[in-house]
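# Observations on the three-dimensional arrangement
Spelled out, the chains give:
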Protein chains: 2
Amino acid sequence: MTHLPGPIAPPPRLLMGPGPISAYPSVLTAMSAPLVGQYDPFMTATMTETQELYRRVWRTRNDATVLVDGTSRAGIEAVMVSLIRPGDRVLVPIFGRFGHLLAEIAERALAEVHTIETEWGQVFPDAVIEEAVERVRPTLLALVQGDTSTTMNQPLAGIGEICARHGVLFYTDATASLGGNPFEADGWGLDAATAGLQKCLGGPSGSAPVTLSDRAVEIIRSRKRIEAGIREEGDEAASDFIRSNYFDLGMILDYWGPRRLNHHTEATSMLYGARECARLLLEEGVDNVLARHERAGAAMLAGVQGLGLVVFGDVAHKMTNVVAVEIPDGVVGDAVRSDLLEDFGIEIGTSFGPLHGRVWRIGTMGYNAREDAVLTTLAALEAVLRRHGVAVPAGGGVEVATDVFRGAGEAVWTAHA
Amino acid sequence: MTHLPGPIAPPPRLLMGPGPISAYPSVLTAMSAPLVGQYDPFMTATMTETQELYRRVWRTRNDATVLVDGTSRAGIEAVMVSLIRPGDRVLVPIFGRFGHLLAEIAERALAEVHTIETEWGQVFPDAVIEEAVERVRPTLLALVQGDTSTTMNQPLAGIGEICARHGVLFYTDATASLGGNPFEADGWGLDAATAGLQKCLGGPSGSAPVTLSDRAVEIIRSRKRIEAGIREEGDEAASDFIRSNYFDLGMILDYWGPRRLNHHTEATSMLYGARECARLLLEEGVDNVLARHERAGAAMLAGVQGLGLVVFGDVAHKMTNVVAVEIPDGVVGDAVRSDLLEDFGIEIGTSFGPLHGRVWRIGTMGYNAREDAVLTTLAALEAVLRRHGVAVPAGGGVEVATDVFRGAGEAVWTAHA
């Protein structure tokens, strides 16, 4: 580079992949609000207010409801390293890529990791998880709710009771699902849950909402170690300290709590963005937002089927906000994606692992869980598929999707809690 | 909270503390640019472009120049856990709070940590560091460049040679200093350097620029472990793996490098902001920006002295961008700060540790290294000090600071490399 580039000027994009997706306009506006100081009364009030907003998003009364400054996997690692002592047994049921990620992060935290796996495109029945819990006797069960790699939405409503019966901590990552699928942190007996903004919450990646039960906080508190430099006489120091400073949720809680003990410098713009994501969700109403995701997801599902495409996986258990579509024989998946992006400014997703090259993933989430976004995507997809030699029924996708939005479409699918 | 708050509406603030400071307007604008997909050609090109911009900021040819998604201490922890094997000896010379932080993070990474300390307000002569290196024989020397807790700027120009002579990796954290004080990653023989945006770079906290020498990369590569779920046959897996997934710089480099191996989902808005911080610095010119910081810092120093206040520490070694001022006897430091904030919208900083309640810290950095910001702060400070019963010379601060900006002031202080 011999010259300097100009200010950032992204091309127009309709992001209909598995996330990140186009942020809500008011979230982008919030990102550019002026900064205030770290201990400005406005700053601390905004942090407190944001905690309360996220309690309502998570549907919890957990005092320990905060943001971790980093992407969604920062939230996952913070929970894992804060809750897991080296040698602890951790059980991870894996039904897609992000289950592997939970196992991976638990391994790095030196847990004794036990996994069970199911075929990609399926979820686990409660009984299978209970059997594994009884066999492994883990300290922690770590279970993804929605895994975008397969589009599946693992039912969680019965798992909390299983964990309670066996004295197991129950943690879920809801990055891909929160805000677009039902979630009940307290109702489902969760001890820890993590998310990100870049899926159904409709914000940019870079802030990870986390909520912790009192029981989880108690474990974290027992491993407390206040850092040298701000440690005062009388501050206890556990020998079994958490092996990360940045992800020490005890210190993060002290920073968000009334003691306001300095840890990191809160990422102010990300806080503003995270606050607006939650505020918008609650302003529209959780039930309304879920219904909007359900409708947009049903319309996209009907639409791709209307184009004659085959949907991957157990559709009865898929998330509202993403569908995996098999790439027709003879079609180069990435060439279709590239045409959609370059000629229509529309992004759909590729896939990982066993599904790589086999399916596209199409999202309808957050701001883009909208009729115009769905219909535009289906119209463009039809045009590109035809160009690539696929015999698609003219208008077939748009027509049936429109019917779904107008309430005339058959209920091909309904969301499961 | 029974009702919902409105969109974020921060009060007007002139942030003249030790950071975070008011961001450049164009950085805030960049924060609200529309998102694109994670592998959009525009996204990957923007990542590559941002790497090149930061090479010029760091003054390095290091290929391994990236952003870590988190606040500045995320960058510190990423370097520490990626470079330090459990049991490695790490030497940390401590001259303020952030030296304690480096030692703390090294301890959490299970290093054998050795520290030397100097009085707050002083820096280390090269010979003292060399003596400690010879005695401890560490794998890594971790040394803060500018420590805002004391305002000191540790000279680094001679340390690289010492480390090279003794086969020691040389790492510095330049969060508080980069962009406002000279920095030469290659010229000073650094193996690793980290920063944040929220000081002289003039952006929000939440992204940590990092640069690594080839030697540092080699060590990190030897500890490589690609996560399950995206691991392919032939991918090597080290048993001595890095104990963090999020901070595994090997994986982060693979994500930023040509392989574009999926790790986290890059925090797009923070990337845009970080890019704009670097772009602005280079557009104005590094030398010009340093001169602007030097002038604003000299003016603020002259100004507080003109108000009859006593400056803390070894002024010959202070950073350009922050000054510590002793709180006059009988004055309640926090009451003055509170009046400045509430009545004038101006923030100055409190202090940590041994300086708590003893000094205020006043910053002149990034966007706020400006004449109007300096003069406004001095005028307001004069008014508030008078209200609190301090006998301040009328106009004394503003007058001498104005002289410095007009080139008529005595050069009370010049920056050291």
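The name given to chain A in an unreviewed UniProt entry is Alanine--glyoxylate aminotransferase family protein, with the source organism recorded as Microbacterium invictum. Listed under Sequence similarities (unreviewed entry) in UniProt, the entry text for chain A is "Belongs to the class-V pyridoxal-phosphate-dependent aminotransferase family." Taken from UniProt, the Cofactor (unreviewed entry) comment for chain A reads in full: "pyridoxal 5'-phosphate".

What follows deals with the overall build of chain A. When you go through chain A residue by residue, the secondary structure sums to 13 helices and 13 strands. Against the compact-globule benchmark of 22 Å for 417 residues, chain A has a radius of gyration of 22 Å, which places it among compact chains. Each principal axis of the C-alpha distribution contributes one length, and for chain A these read about 75 × 55 × 45 Å. Split into buried and exposed, the 417 residues of chain A put 66% on the buried side.

This paragraph deals with the pairing of strand E10 (residues 208-212) of chain A. Residues and elements named next belong to chain A. Within E10, five of the five residues are buried, which leaves the element mostly enclosed by the surrounding structure. Neither face of E10 is open: one carries Ala 208, Val 210 and Leu 212, the other Pro 209 and Thr 211, and all of them are buried. Judged from the five bridges that link them, strand E2 (residues 64-68) and E10 form a sheet pairing that is antiparallel. If you follow Thr 65 over to E10, its bridge partner there is Thr 211.

Attention now moves to the pairing of E2(A). Across the five residues that make up E2(A), a large majority, five, are buried. The alternating pattern of E2(A) places A:Ala64, A:Val66 and A:Val68 and A:Thr65 and A:Leu67 on opposite faces, both of which are buried.

On to the domain arrangement of chain A, then. Residue and element names in this part refer to chain A. The assigned domain composition of chain A is domain 1 (25-281) and domain 2 (286-405). Once you take the C-alpha centre of each, domain 1 and domain 2 turn out to be 30 Å apart. Contacts between the two partners involve 25 residues from domain 1 and, on the opposite side, 22 residues from domain 2. Buried area between domain 1 and domain 2, both sides added, is near 2,000 Å², and the carbon and sulfur share of it is 68%. Here domain 1 is connected to domain 2 by zero salt bridges. Applying the counting criterion to the domain 1 and domain 2 interface returns eight residue pairs in polar contact (both at pLDDT 80 or more). Within the residue set of the side of domain 1 that touches domain 2, elements represented by two or more residues are strand E6 (146-147) and strand E7 (152-153).

Below, the discussion takes up the sheet that holds strand E5 (residues 140-144) of chain B. Residues and elements named next belong to chain B. Within the open sheet, the seven strands sit side by side as E2-E10-E9-E8-E5-E3-E4. Their pairing is mixed. Looking at which strands have only one partner, the edges of the open sheet turn out to be strand E2 (64-68) and strand E4 (112-117). Within this sheet the neighbouring strands show an average axis-to-axis angle of 15°, counted without direction. In this structure, strand E9 (residues 192-194) lies alongside strand E10 (residues 208-212), joined through three bridges in antiparallel fashion. Counterpart to Thr 194 in the pairing with E10 is Val 210.

Mapping between the two chain copies consists of a rotation about an axis together with a translation along that axis. Aligned on chain B, chain A shows an RMSD of 0.0 Å; the corresponding rotation is 180° and the shift along the axis is 0.0 Å. In short, the pair behaves as if placed about a two-fold rotation axis. When C-alpha positions in chain A are compared against the rotation axis, the closest is assigned to A:Gly70, at 2.3 Å. Most of the interface of chain A is mirrored in chain B, where 100% of its interface residues again form contacts.

Time to look at the interface of chain A and chain B. Contact with chain A, which involves 86 residues of that partner, is made by 86 residues of chain B. Together, the buried faces of chain A and chain B total about 7,200 Å²; carbon and sulfur atoms form 61% of this surface. There are four salt bridges connecting chain A and chain B. A salt bridge links A:Asp248 to B:Arg108; the nearest nitrogen and oxygen atoms lie 2.7 Å apart.

Considering all chains together, one arrives at 15 aromatic pairs over all chains under this definition. Their ring planes at 80° and their centres at 6.4 Å tell us that B:Phe95 and B:Phe124 sit as a pair that is edge-to-face. Note that B:Phe95 is positioned in the loop between strand E3 (89-94) and helix H4 (97-108) and B:Phe124 in the loop between E4 and helix H5 (126-136), a separation of 29 residues in sequence. Residues B:Phe95 and B:Phe124 agree in their burial class; the two are buried. The ring of A:Phe241 carries A:Arg243 above its face, with NZ or CZ at 4.6 Å from the centroid. Positioned above the aromatic ring of A:Tyr367, the side-chain terminus of A:Arg370 is 4.3 Å from the ring centre.

Grouped together as the largest cluster of nonpolar side chains are 194 residues, with contacts concentrated most on A:Leu212 and B:Leu212. What A:Leu212 contacts, discounting residues up to four positions off in sequence, is A:Asn62, A:Ala64, A:Val79, A:Asp191, A:Ala192, A:Val217, A:Ile220, A:Leu249 and A:Leu253.

Each value, and the rule that gives it
- The written sequence of each chain sets the order in which its residues are numbered from 1.
- For this description, chains carry letters from A and ligands carry numbers from 1, given in the order in which they are written.
- Local features in this predicted model are restricted to residues of pLDDT 70 or higher, and side-chain atom pairs are both shown and tallied only at a pLDDT of 80 or more, whereas totals for entire chains, interfaces and linings draw on every residue.
- As a rule here, side-chain values come from all non-hydrogen atoms in the structure, and water together with hydrogens is ignored.
- UniProt positions are given in the numbering used here, feature names are shortened, and annotations may be inferred rather than shown by experiment.
- Comment: elements are numbered from the N terminus, with helices defined as DSSP H or I runs of at least four residues and strands as E runs of at least two.
- Each radius of gyration is computed over the set of C-alpha atoms, and the globule rule expresses the reference value as 2.2 Å times the number of residues to the power 0.38.
- Only protein chains enter the area calculation, which uses a 1.4 Å probe; residues under 20% of their type maximum are buried, those over 50% are exposed, and those in between are partly exposed.
- In short, DSSP must find at least two bridges between two strands for them to pair.
- In this document the domain limits rely on a domain assignment from an automatic tool or a database.
- Pairs of residues are marked as contacts when any of their non-hydrogen atoms sit within 4.5 Å.
- Reported buried area values correspond to the accessible surface (1.4 Å probe) lost by two parts on association, with both partners' losses combined.
- Salt bridge, as used here, is a side-chain nitrogen of Lys or Arg placed within 4 Å of a carboxyl oxygen of Asp or Glu.
- In protein, a polar contact requires one atom able to donate a hydrogen and another able to accept it; more generally it is a pair of N or O atoms within 3.5 Å, and residues adjacent in sequence count only if both atoms are side-chain atoms.
- Each axis is a line fitted through C-alpha atoms, and for a helix only the stretch in contact is used; angles between axes span 0 to 180 degrees, taken between their N-to-C directions.
- The superposition of copies rests on a least-squares fit of C-alpha positions from residues with pLDDT of 70 or more in both.
- Any pair of Phe, Tyr and Trp rings, taking the six-membered ring for Trp, is counted once the centres come within 6.5 Å. Such a pair is stacked with planes under 30 degrees apart, edge-to-face with planes over 60 apart, and tilted for the rest.
- Placement of a charge over a ring requires the Lys NZ or Arg CZ to be within 6 Å of the ring centre, with the centre-to-atom vector within 35 degrees of the ring normal.
- As used here, the term nonpolar core means buried Ala, Val, Leu, Ile, Met, Phe, Trp, Tyr and Cys residues forming a set that is joined through side-chain atoms within 4.5 Å.

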